[in-house]
Amino acid sequence: MQVPAPFDYVRATSVADALQLLDRHGPEARVVAGGHSLLPMMKLRLARPEWLVDINDLAELRSITRDGDRLRVGALTRHAELLASELVGELFPIVHDAERVIADPVVRNRGTIGGSLGQADPAEDLTTVCDVLRAQVVIAGRDGERVIGIEELHRGPYETACEQTELITELRLPIRPRSGSAYEKVERRVGDWAVAAAGAQVVLGEDGTIADASIGLTALGLEGCAVEAGAALLGVHPSEEAFAEAGRLAAAASSPVEDQRGPVDYKRHLADELTRRVLRSAAGRAGADVLATAVSGG
Amino acid sequence: MQVTMTVNGTEVTRDVEPRLLLVHFLRETLGLTGTHWGCDTSNCGTCVVLVDGQPVKSCTTLAVMTDGHEVRTVEGLADGATLDPVQQGFMAEHGLQCGFCTPGMLLTARALLDRDPDPDEATIREAISGQICRCTGYATIVRSVRWAAEHPVGAPEQPAEEVPA
Ligand SMILES: Cc1cc2nc3c(=O)[nH]c(=O)nc-3n(C[C@H](O)[C@H](O)[C@H](O)COP(=O)(O)OP(=O)(O)OC[C@H]3O[C@@H](n4cnc5c(N)ncnc54)[C@H](O)[C@@H]3O)c2cc1C
Ligand code: FES
Ligand code: FES
């Protein structure tokens, strides 16, 4: 039987209260949201907080609202709520692509977007999604709020720039005209973590060429976006040839490790192939007619 | 610490350790052993109960986190001697063999039908995809849920449909 080691538990009643509690209970206090990453770690003694500050009552962190040219998503928004939101699916199909394959529907009833980013597991799907969408992260602390780019949140596996006395309160996703996005994951079985996954966003210019492209990889040893692969697409017309080149560059930027989910060469092959596929659907969703030139491989 | 929650319509208050998992609270503190406990790692889904009407893996939820909430377990499905249509469906369509996965399956099915009274096969399969059955191969579970969808008030009110063709 797995049970966590003893700890004390307190429920926060507001963001300010949560911050105070984290401050008061010191370095051994941890926030719990859905608990679907933290509790398993506590059962295995990989985490041993002395205090849990439960933020599940903070309804103010549980909303999805369009605000001009960005979508604001509260940190406590559950996976299931993201998947159920038509607005999210319309603006950012990549989120729905990813949510359909994150864990299973029961886990998705509890897990939150804030917890996903806070956990910073290298196989976490929403981290890649937020990278690709160039999300901004709102972090509340004693001295007020700060807004950082998602790339600044990353500090390596299981580590983020959100300090122990701070709280991620919101994700802000920029809404871009003529854009499309997509995510694809290879998993061993339904509900499992990724063997590998890729996500992409393509933004088209007035003339139909690619004005911006971002590509992210999950569980493939790449933190942040595959910058070179994205840059190679700028100014070109969406085509199979261009996507093949981006796939090659993304695979080169990856550094997968062998584990029970597969060997390195297989995972690198997935980086290439999945990058091409998500670029194809992202460009299609942006409204592009992808030029289908004959390409070898893939 | 003290927790108060509604379990199957009855308010209960108990003094528990914060580290007590909901599954053990239900089984050991309250003696409601209908909720099963299997993998302990949020994978198998036999421990699924409804919290505020939504399926949740009770091995990955603290009892203290459900303080003030409404919990429904398999014991709370039947209305007196009348079984819930999903229970009747599992009987009619042989939705179980050993029965280990059944409590979780029944509750997920109930929550699905409350939200979507007429789900197709793909929807049912998706809804139960976080739960493992080692016996049935899922086909009879899907048929059982469909049976419940087709008999929203259960069998007694629609005896004619019970006669095999
Ligand atoms: C069986 C299973 C399969 C899964 N499969 C996948 C999968 O395929 N893909 C995937 O991406 N995920 C998967 N997950 C993880 C799931 O998505 C988690 O729910 C999610 O990663 C964490 O969300 P949570 O709200 O449960 O976080 P919690 O467990 O509550 O917290 C995780 C960490 O984040 C911190 N934290 C939480 N909220 C905040 C906040 N607002 N500000 C700052 N820090 C915070 C906590 O202190 C903790 O360190 C799986 C989980 C399970 C149990
Ligand atoms: S015991 Fe909870 S999911 Fe298996
Ligand atoms: S009936 Fe035996 S595990 Fe499902």
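Residues numbered from 1 in each chain as written. Chains lettered and ligands numbered in written order. Predicted model: local features only at pLDDT ≥ 70, side-chain atom pairs only at ≥ 80, totals over all residues. Heavy atoms only, no water.

**Brief notes about the pairing of strand β5 (residues 70-74) of chain A**
All names here are of chain A.
Here's step 1: When strand β4 (residues 64-67) meets β5, the two strands line up antiparallel, connected through 4 bridges. Bridge pairing links Arg66 to Leu71 in β5.
Here's step 2: Two elements, β5 and strand β8 (residues 167-174), share 5 bridges in a ladder whose sense is antiparallel. Across the sheet, Leu71 pairs through a bridge with Leu173, a residue of β8. (Pairing = 2+ DSSP bridges. Helix = DSSP H or I, 4+ residues; strand = E, 2+ residues; numbered from the N terminus.)

**Description of helix α8 (residues 125-132) of chain A**
Here's step 1: Among the 8 residues that make up α8(A), 8 are buried, leaving the element largely enclosed by the rest of the structure.
Here's step 2: Of the residues flanking the end of α8(A), it is Arg134(A), one or two places downstream, whose phi is positive at about 50°. (Buried < 20%, exposed > 50% of the residue type's maximum accessible area, 1.4 Å probe, protein only.)

**Here we look at helix α1 (residues 15-25) of chain A**
Residue and element names in this part refer to chain A.
Here's step 1: Along α1, the residues classified as buried are Val15, Asp17, Ala18, Leu19, Leu21, Leu22 and His25.
Here's step 2: Residues of α1 that are buried sit in contact with β1 (8-11), β2 (29-32), β3 (51-54), β6 (136-141) and β8.
Here's step 3: Just downstream of α1, Gly26 is the residue with a positive phi angle, here 70°. (Contact = heavy atoms within 4.5 Å.)

**Overview of the site of ligand 1**
All names here are of chain A.
Here's step 1: The immediate surroundings of ligand 1 are formed by 34 residues, with Val31, Leu38, Thr112, Glu124 and Asp125 found nearest.
Here's step 2: A distance of 2.8 Å separates an oxygen atom of ligand 1 from a polar backbone atom of Gly34.
Here's step 3: A distance of 2.9 Å is found between an oxygen atom of ligand 1 and a backbone nitrogen or oxygen belonging to Ser37.
Here's step 4: Burial of ligand 1 by the protein amounts to 96% of the accessible area it has alone, namely 970 Å².
Here's step 5: Elements represented by at least two residues in the shell around ligand 1 include exactly β2, α7 (113-119) and β8.
Here's step 6: Broken down by element, the residue count for the shell around ligand 1 peaks at 5 residues, all from α7.
Here's step 7: Its residues placed into classes, the shell around ligand 1 shows 14 nonpolar, 15 polar and 5 charged. (Near = heavy atom within 4 Å. Polar contact = N/O pair within 3.5 Å; in protein donor to acceptor, adjacent residues only side chain to side chain. Areas by Shrake-Rupley, 256 points an atom, 1.4 Å probe, with all protein chains shown as cover. Nonpolar A, V, L, I, M, F, W, Y, C, P; charged D, E, K, R; others polar.)

**Concerning the pairing of β6(A)**
All names here are of chain A.
Here's step 1: Of all the 6 residues making up β6, 5 are buried; the element is thus mostly covered by neighbouring parts of the structure.
Here's step 2: Of the strand pairs in this sheet, β6 and strand β7 (residues 144-149) are connected by 6 bridges, and their pairing is antiparallel. Directly across from Val137, in β7, lies its bridge partner Ile148.
Here's step 3: Here β6 folds back onto β7 in antiparallel fashion, the turn holding 2 residues.
Here's step 4: Pairing of β6 with β8 involves 5 bridges; the strand directions are antiparallel. Bridge pairing links Gln136 to Arg172 in β8.

**Details of the side chain of Ser144(B)**
Residue and element names in this part refer to chain B.
Here's step 1: Within the element layout of this structure, Ser144 appears in helix α5 (residues 139-150).
Here's step 2: Looking at Ser144, its side chain comes within polar contact range of the main-chain nitrogen of Gly95, at 3.5 Å.
Here's step 3: The contacts of Ser144, once residues within four sequence positions are left out, are Gly89, Phe90, Glu93, His94 and Gly95.

**Brief notes about the packing of helix α3 (residues 102-115) of chain B against α5(B)**
Residues and elements named next belong to chain B.
Here's step 1: Put simply, α3 and α5 touch, their axes get as near as 11 Å, and they point 40° apart. Looking at the two axes, α3 sits oblique to α5. Every pair of crossing elements has a handedness; the one defined by α3 and α5 is right-handed. Taking contact as the criterion, the partners of Met105, Ala109, Leu112 and Leu113 in α3 are, on α5, Ile141, Val145, Ala148 and Ala149.
Here's step 2: Grouping the amino acids of the contact of α3 with α5 by side-chain chemistry returns 8 nonpolar, no polar and no charged. (Axes fitted to C-alpha atoms, helices over the stretch in contact; angles between N-to-C directions. Parallel < 35°, antiparallel > 145°, perpendicular 65-115°, else oblique. Left-handed = near helix turned anticlockwise from the far one by under 90°.)

**Description of the interface of chain B and chain A**
Interfaces are often sized by the accessible area lost when the parts come together.
Here's step 1: With 30 residues of chain B at the contact, the number on the chain A side is 30 residues.
Here's step 2: Both faces considered, chain B and chain A share a buried interface measuring about 2,300 Å² in area, 60% of it formed by carbon and sulfur atoms.
Here's step 3: Remark: the boundary between chain B and chain A carries 3 salt bridges.
Here's step 4: Arg108(A) serves as the salt-bridge partner of Glu126(B), at 2.8 Å between the closest nitrogen and oxygen.
Here's step 5: Mapped by element, the contributors of at least two residues to the side of chain B that touches chain A are β4 (54-57) and α4 (121-127) of chain B.
Here's step 6: In terms of residues, the side of chain B that touches chain A owes the most to one element, β4(B), which gives 4 residues.
Here's step 7: Among the residues making up the side of chain B that touches chain A, the classes are represented as 12 nonpolar, 12 polar and 6 charged. (Buried area = accessible area lost by both parts, 1.4 Å probe. Salt bridge = Lys/Arg side-chain N within 4 Å of Asp/Glu carboxyl O.)

**Quick word on the domain arrangement of chain B**
Residues and elements named next belong to chain B.
Here's step 1: Here chain B is described as being made up of domain 1 (2-76) and domain 2 (85-150).
Here's step 2: Domain 1 and domain 2 are separated by 21 Å when their C-alpha centres are compared.
Here's step 3: On the domain 2 side, the residues contacting the 17 residues of domain 1 number 14 residues.
Here's step 4: For the pair domain 1 and domain 2, the two sides together bury roughly 1,100 Å², of which 66% comes from carbon and sulfur.
Here's step 5: Between the two partners, domain 1 and domain 2, sit 0 salt bridges.
Here's step 6: Counting the contacts that link domain 1 with domain 2 gives 4 residue pairs in polar contact (both at pLDDT 80 or more). (Domains from an automatic or database assignment.)

**Comments concerning the sheet that holds strand β9 (residues 179-187) of chain A**
Residue and element names in this part refer to chain A.
Here's step 1: Read across the sheet, 3 strands follow the order β9-β10-β11 without closing on themselves; strand pairing throughout is antiparallel. Every other strand in the sheet has two partners, leaving β9 and β11 (210-218) as the edge strands with one partner each. Neighbour to neighbour, the strand axes of the sheet diverge by 10° on average, direction disregarded.
Here's step 2: As paired strands, strand β10 (residues 194-204) and β11 are joined by 8 bridges and run antiparallel to one another. Bridge pairing in β11 places Ala197 opposite Thr218.
Here's step 3: Sheet contacts for α8: β9, β10 and β11; angle to β11, the most-contacted strand, approximately 165°.

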